[in-house]
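Chain by chain, the residues run as shown.
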Amino acid sequence: MRLVLASASPARLAVLRAAGVDPVVRVSGVDEDAVAAALSDPSTEELVMALAEAKARAVLPAVDPGSVVVGCDSMLLFDGELAGKPGTVEAAGKRWAAIAGGTGELLTGHAVVRTDTGASASGTERTTVRFGQPSEAELAAYLASGEPLNVAGGFTIDGLGGWFVDGIDGDPSSVIGISLPLTRRLLAAVGVTVTDLWSGVR
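Residues numbered from 1 in each chain as written. Predicted model: local features only at pLDDT ≥ 70, side-chain atom pairs only at ≥ 80, totals over all residues. Heavy atoms only, no water.

Describing the overall build of the chain
So, step 1. Assigned secondary structure in the chain consists of seven helices and seven strands.
So, step 2. Relative to the 2.2 N^0.38 estimate, which gives 17 Å for 202 residues, the radius of gyration of the chain is 17 Å and therefore close to what a compact globule would have.
So, step 3. Counting only C-alpha atoms and orienting by the principal axes, one finds that the chain spans roughly 50 × 45 × 25 Å.
So, step 4. Expressed as a percentage of its 202 residues, the buried residues of the chain come to 46%.
So, step 5. A separation threshold of at least 6 residues defines the contact pool for the chain, and within that pool the share at least 24 residues apart is 68%.
So, step 6. Surface exposure of the chain reaches about 9,600 Å², of which carbon and sulfur atoms provide 51%.
So, step 7. In the chain, the 15 positive side-chain charges and the 24 negative ones have mean positions that sit 8 Å from each other. (Helix = DSSP H or I, 4+ residues; strand = E, 2+ residues; numbered from the N terminus. Rg over C-alpha atoms; globule rule 2.2 N^0.38 Å. Buried < 20%, exposed > 50% of the residue type's maximum accessible area, 1.4 Å probe, protein only. Contact = heavy atoms within 4.5 Å. Areas by Shrake-Rupley, 256 points an atom, 1.4 Å probe, with all protein chains shown as cover. Lys, Arg positive; Asp, Glu negative; His and termini not counted. Charge placed at Lys NZ, Arg CZ, Asp CG, Glu CD.)

Here's the deal with the nonpolar core
So, step 1. Formed by 18 residues in total, the largest nonpolar core has its most connected members in Leu3, Val70, Val112, Ile178 and Leu187.
So, step 2. For this core, the secondary-structure elements that each account for two or more residues are strand 1 (2–5), helix 1 (10–18), strand 3 (67–78) and helix 7 (180–189).
So, step 3. Setting aside chain neighbours within four positions, we find Ile178 in contact with Leu5, Arg12, Val15, Leu16, Val70, Cys72, His110, Ser173 and Thr183.
So, step 4. Of all hydrophobic cores here, the second largest spans 16 residues; its members include Phe78, Trp96, Leu106 and Leu143. (Core = buried A, V, L, I, M, F, W, Y, C linked by side-chain atoms within 4.5 Å.)

Thoughts on the pattern of salt bridges
So, step 1. Summed over the entire model, instances satisfying the criterion amount to eight salt bridges.
So, step 2. Residues Arg185 and Glu125 are paired through a salt bridge, measuring 3.4 Å at the closest nitrogen-oxygen approach. Taken together, the residues span a long stretch of sequence, with Arg185 in helix 7 and Glu125 in strand 6 (residues 120–131) at a distance of 60 residues.
So, step 3. In this structure Arg185 comes out as partly exposed when scored by relative accessible area, which is 41%.
So, step 4. When the shortest N-O distance is used, the salt bridge between Arg130 and Asp169 registers 2.8 Å. (Salt bridge = Lys/Arg side-chain N within 4 Å of Asp/Glu carboxyl O.)

Re the side chain of Arg114
So, step 1. With respect to the helices and strands, the residue Arg114 is situated in strand 5 (residues 103–114).
So, step 2. By relative accessible area, Arg114 is classed as buried at 14%.
So, step 3. Separated by 3.0 Å, the side chain of Arg114 and the backbone oxygen of Val190 make a polar contact.
So, step 4. Looking at Arg114, its side chain comes within polar contact range of the main-chain oxygen of Gly191, at 3.4 Å.
So, step 5. With near-sequence residues (within four places) excluded, Arg114 lies in contact with Met1, Ser67, Val68, Ala119, Val190, Gly191 and Val192. (Polar contact = N/O pair within 3.5 Å; in protein donor to acceptor, adjacent residues only side chain to side chain.)

A short note on the packing of aromatic side chains
So, step 1. Following the criterion strictly, the structure yields five aromatic pairs and no others.
So, step 2. Where Trp96 meets Tyr142, the ring centres are 6.1 Å apart and the plane angle is 85°; that geometry is what we call edge-to-face. Here the residue Trp96 occupies a position in helix 4 (residues 89–99), and Tyr142 occupies one in helix 5 (residues 136–145), the gap between them amounting to 46 residues.
So, step 3. Judged by relative accessible area, which is 3%, Tyr142 ranks as buried.
So, step 4. Taken together, a centroid distance of 4.9 Å and an interplanar angle of 90° make the contact between Phe131 and Phe155 edge-to-face. With Phe131 in strand 6 and Phe155 in the loop between helix 5 and strand 7 (165–169), this residue pair connects regions lying 24 residues apart in the sequence. Per residue, the accessibility class of Phe131 equals that of Phe155, and both read buried.
So, step 5. Taken together through their ring pairs, the aromatic side chains of Trp96, Phe131, Tyr142, Phe155 and Phe164 make up a single cluster. (Phe/Tyr/Trp six-rings, centres within 6.5 Å; stacked < 30°, edge-to-face > 60°.)

Here it is as structure tokens:
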């Protein structure tokens, strides 16, 4: 059994590799806006789970038999609004103007699908994030780095953004992009033991 990561995220890949799994990477190219538009008034959990499922299923035709695919999606829930990747410096700056000094919840949806049996499972993880208050100069430098533009919520805890996060309550790997505890439970639900996916570990 081989794990396939349906994501281009280097952070998710790094988490899996550090945890003993060297996955095959297949990028889904899913139109997230189209998936969201097809849902009828979804809850925050339903939205991130639907996006994760869409990403996992999108790569199924391109993976080898005997694989298990994991798709992921993350969004920041802050002040009642869901926020994905800012995409631009201006949007990231506005995001930080709102969240600095505040507390939000990082929602991560995961979906796993086996190629041999078609068995699937999905779930979500919530982690509370307490944001610091970077100075104007610090924020300008962070925005100029480009890092916050293409990550959920406009921040990281495993990169430059970690300097501006005061703390979290919950699963750190979920904030990085792939929750190891949740992924292990979902794999078990489809009959895959996570230790069987470990590479180079005896």
